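If you want the building blocks of each chain, they are given just below.
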Amino acid sequence: MIYIFKVLCEFPAKLCGCGADACNKVCAGGCRGCSAVCAGFSHIFDRPLGCYVLMTLIVSTWTIVAAANAFKTGKVQGSWDMGANATSTEGAEKCTQPVPLFLGGSIAWALVNVCFAFYVQGQVWQGLMDLVDEEEEEEVTSGRRVKRRNMARLILDSAGNIFCHNIAFCIYFFLLIGSCFWYMAGKDWVQSAEACNPDGWPTWTYRAGIAYPVLVVCFCMWWVVMLHIDGCVSNITKPMGGLGCCFGRPPLPRSAASSGSDAEMLVTGASRNPRF
């Protein structure tokens, strides 16, 4: 009997031990997954244009949620065909405007905005790293000390190269202008009849769509001004080692930081500075 009771007494402890081990393994895997996701999102703010990406995520989420809620009401009327709805329906009880097409197009365009925001941030960063590598290579090849650009100058040169030579940026630039006309047309469709604006969600959709290009233009102007201010401060304080008030210090060349992540490439102290 003693062996029977011994087994009965030890079984709950062993069961709890197995459960704890399984739980630890599951939690460890979940933690590693969360760490990987957090590390990915941390690069948004370790690199230039972090605020632009964040702004795009917020406005695009606003657009998608508003359009999705409009569909969710089940009251969206109209046609998916623009050509069949050329006549005005002002004052009509039924909506014959292409509101479903407008809402669907708004969701698609919001996703394009998010993808492009990450794309252009990555391109600016890669261009900046190329410039840093070129300076390092020139210094090694010539055997003399090369005058290095500050962080603001590197960002401006990298962004300027994308603005002038990147095909995807050129296409998106004109599409962004075209989106203004799309949302203005959507505004007319939504306001043409009360049935075209179920619970006011389509209104929030076109408001977010119209607001985004305006915010992008305002951000670009503010960003360029801040870059020039940062560059000026860095040049003035160069005898003291240079001080980047907003954008930090230039990263190390890839050859000097090949074993670390992008966040680790930053010179000591740079990662503590916000990256706009």
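Everything below is about the structure printed above this text.
Counting from 1, residues in each chain are numbered in the order their sequence is written. It should be noted that, the model being predicted, local features are given only for residues of pLDDT at least 70 and side-chain atom pairs only at 80 or more, the latter also being counted only at that level, while totals for whole chains, interfaces and linings use all residues. As a convention, hydrogens and water are excluded, and side-chain values are obtained from all of the structure's heavy atoms.

Chemist: Help me understand helix H4 (residues 151-165), please; the structure alone is not making it clear to me.
Modeler: Every α-helical turn comprises 3.6 residues, leaving residues that sit three or four positions apart pointing alike. With 15 residues, H4 ought to run about 21 Å at 1.5 Å a step, and its terminal C-alpha atoms sit 21 Å apart, in line with that. Within H4, the full set of buried residues consists of Met 151, Ala 152, Leu 154, Ile 155, Leu 156, Ser 158, Ala 159 and Ile 162. Two N or O atoms form a polar contact when they lie within 3.5 Å of each other; inside protein one atom must be a possible hydrogen donor and the other a possible acceptor, and for residues adjacent in sequence the pair counts only when both atoms belong to side chains. Going along the chain from the N terminus, every DSSP run of H or I of four or more residues is numbered as a helix, and every run of E of two or more is numbered as a strand. The N-capping residue of H4, defined by a side-chain oxygen 3.3 Å from the backbone nitrogen of Ala 152, is Asn 150. The span expected for a helix works out to 1.5 Å for each residue beyond the first. A simple rule labels every residue: compare its accessible area, found with a 1.4 Å probe on the protein chains alone, to the largest value its type can have, and call it buried under 20%, exposed over 50%, or partly exposed in between.

Chemist: Is there a simple way to think about the state of the cysteines in this case?
Modeler: By definition, a disulfide links the sulfur atoms of two cysteines through a covalent bond. Cysteine sulfur atoms that come within 2.5 Å of each other are treated as a disulfide pair. Taken as a whole and assessed by the stated rule, the structure comprises 1 disulfide. The disulfide that involves Cys 95 links it to Cys 196, with 1.9 Å between the sulfurs. Here Cys 95 and Cys 196 share a disulfide; its torsion about the S-S bond, 105°, makes the bridge right-handed. One end of the pair, Cys 95, is in the loop between helix H2 (50-72) and helix H3 (99-142); the other, Cys 196, is in the loop between helix H5 (167-191) and helix H6 (201-236), with 101 residues separating them in the sequence.

Chemist: What is the right way to read H5 from this model?
Modeler: If you check H5, its first and last C-alpha atoms are 36 Å apart, about what 25 residues at 1.5 Å a residue would give, namely 36 Å. Phe 169, Tyr 172, Leu 176, Ser 179, Tyr 183, Gly 186, Trp 189 and Val 190 are the residues of H5 that are buried. Every residue pair with non-hydrogen atoms within 4.5 Å of one another is taken to be in contact. Contacts made by the buried residues of H5 are with H2, H3, H4 and H6. Its side-chain oxygen at 3.0 Å from the backbone nitrogen of Ala 168, Asn 166 defines the N-terminal cap of H5.

Chemist: Help me out: how do you make sense of a nonpolar patch on the surface in this one?
Modeler: On the surface, a nonpolar cluster with roughly 560 Å² of combined accessible area is contributed by Phe 163, Phe 173, Phe 174, Ile 177 and Phe 181. Here Phe 181 is to be found in helix H5. Two distance rules govern patches: like charges are joined within 9 Å, and nonpolar side chains (Val, Leu, Ile, Met, Phe, Trp, Tyr) within 5 Å, applied only to residues with over 30% relative accessible area and no salt bridge. Note on areas: Shrake-Rupley with a 1.4 Å probe; residue coverage comes only from the protein chains shown. We count a salt bridge whenever a side-chain nitrogen from Lys or Arg sits within 4 Å of a carboxyl oxygen from Asp or Glu.

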